[in-house]
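Commentary on secondary and tertiary structure
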Amino acid sequence: MSLKDILPGKLGFGAAPLGNMFRDIPEQEALATVEAAWKDGIRYFDNAPFYGAGLAEIRMGEALNGRPRDEYVISTKVGRVILDEIEDVSARDLGEKGEVFKHGRPNRIVNDYSEAATLRSIEDSLKRLKTDRIEIAWVHDVAQDFYGDEWLGVFEASRKGAFRALDRLRDEGVIKGWGLGVNRVEPIELLLGLDGPRPDGFLLAGRYTLLDHARALQRVMPLVTERGLGIVVGGPYSSGALVGGPNFEYAPMTTEIRAKVARIKAIADRHGVSMKAAGLQFSLANPAVAAVIPGASQPSRIAEDRAALQEVVPAAFWRELREAGLVHPDAPLPGA
């Protein structure tokens, strides 16, 4: 089954901010944000145990509790098990995302991609989410940004463990689909080159955005389209860099990225286009993309995302971006 058959719409909800990503978000604000997404008609919610060591799942479970379960789709992730014991949050080794969830719960996070851990992770997520099922399971972060030179070993452990377990759960009808949830293109390429596992799609964060798309465009999108799979684009605003935030890729913006954002914004301003509309509509223009899931930590952001999706962007804006070399010559553009 393709992701496009599973997902209920082009706009989903990325729950990383509910895990106190970058800041300590008050409980009521977090719950109100999910409520705003529901009222807006969003019915796809993506989560992960890693987001605040279970905090995002707990909050989402609370916010969606009592909603008709057949009306929405949940994806969450495997590869990390959250324990009851407490650890020193500042001593965690989280690769490039060390500071991202320092305001989350202090529960110990164990990286484990074995079959047993995959099944346990799903069971634990179901309890936190207060639900009897998830539709999609993503194998989380089997890539260089977390594991450096060890990433291929982690990928191999996943191949023998998580991939086989999820293939089986999908075939048994326990879940509807599975794939990788990663911030890098290479693990997707590697998985698509294997004979064995049969993923249904991928969650690719930060790699098919207006600011960074060349590698995914050339290496992954054609393969995904060819096989009838789908991509969920996470981080369409590049950790906020595209829309006025200070971060790109979970870290402070470089001078080079800041200059690129300024060039795009100058063209957008000239055409009366919002940066959110430019970002969301660019990502969705690729036929491989099934949905985008911007993260939101405030109710007002949901309305902004919806408006960005519906905004009419003139073709001249996209032409000028192309002529300025700000989008790859082969990238599909909206309306083309």
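See above for the structure.
Quantities reported herein were computed from a predicted structural model and do not represent experimental measurements.

Let's talk about the environment of glycine 196
Mapped onto the secondary structure, glycine 196 falls in the loop between α7 (186-192) and β8 (201-205). Residue classification places glycine 196 among the partly exposed positions, given a relative accessible area of 46%. Each C-alpha atom, one on glycine 196 and one on glutamate 172, is 17 Å from the other, the two residues being 24 residues apart in sequence.

Focus: empty space enclosed by the protein
Tallying each qualifying case throughout the model produces one cavity of 30 Å³ or more. Considered as a void within the structure, the largest cavity measures approximately 40 Å³ in volume. Around the largest cavity sit Leu11, Gly12, Phe13, Ile42, Pro294, Ala296, Ile302 and Asp305, which together line it. In the lining of the largest cavity, the residues fall into six nonpolar, one polar and one charged.

Comments concerning helix α6 (residues 151-171)
A turn of α-helix holds 3.6 residues, and therefore any two residues three or four places apart point the same way. Serine 158 marks the point of greatest bend in α6, at about 45°. Taken residue by residue, α6 has Trp151, Val154, Phe155, Ser158, Gly161, Ala162, Phe163, Ala165, Leu166, Asp167, Leu169 and Arg170 as its buried positions. For α6, the elements touching its buried residues are β3 (73-78), α4 (115-129), β6 (136-140), α5 (144-147), β7 (177-182) and α7. Of the residues one or two after α6, glycine 173 is the one with positive phi, at around 85°.

Observations regarding the sheet that holds strand β2 (residues 44-46)
Overall, parallel pairing links the eight strands, which are arranged β1-β2-β3-β6-β7-β8-β9-β12 in an open sheet. The open sheet terminates on both sides in strands that have one partner only, identified here as β1 (13-14) and β12 (289-293). Pairing of β8 with strand β9 (residues 230-234), which is carried by five bridges, proceeds in the parallel orientation. Following the sheet pairing, phenylalanine 202 is matched in β9 by isoleucine 231. The strands touched by helix α11 (residues 275-284) within the sheet are β9 and β12, with β12 carrying the most contacts at an inclination of about 155°.

Rules and cut-offs
- Residues numbered from 1 in each chain as written.
- Predicted model: local features only at pLDDT ≥ 70, side-chain atom pairs only at ≥ 80, totals over all residues.
- Heavy atoms only, no water.
- Helix = DSSP H or I, 4+ residues; strand = E, 2+ residues; numbered from the N terminus.
- Buried < 20%, exposed > 50% of the residue type's maximum accessible area, 1.4 Å probe, protein only.
- 1 Å grid on protein atoms, 1.4 Å probe; cavity = no way out; pocket = protein on both sides within 12 Å on 5 of 7 lines; lining within 4 Å.
- Points joined across faces, edges and corners; volume = space filled by probe spheres on them.
- Nonpolar A, V, L, I, M, F, W, Y, C, P; charged D, E, K, R; others polar.
- Bend = angle between axes of the 7 residues up to and from the residue.
- Contact = heavy atoms within 4.5 Å.
- Pairing = 2+ DSSP bridges.
- Axes fitted to C-alpha atoms, helices over the stretch in contact; angles between N-to-C directions.

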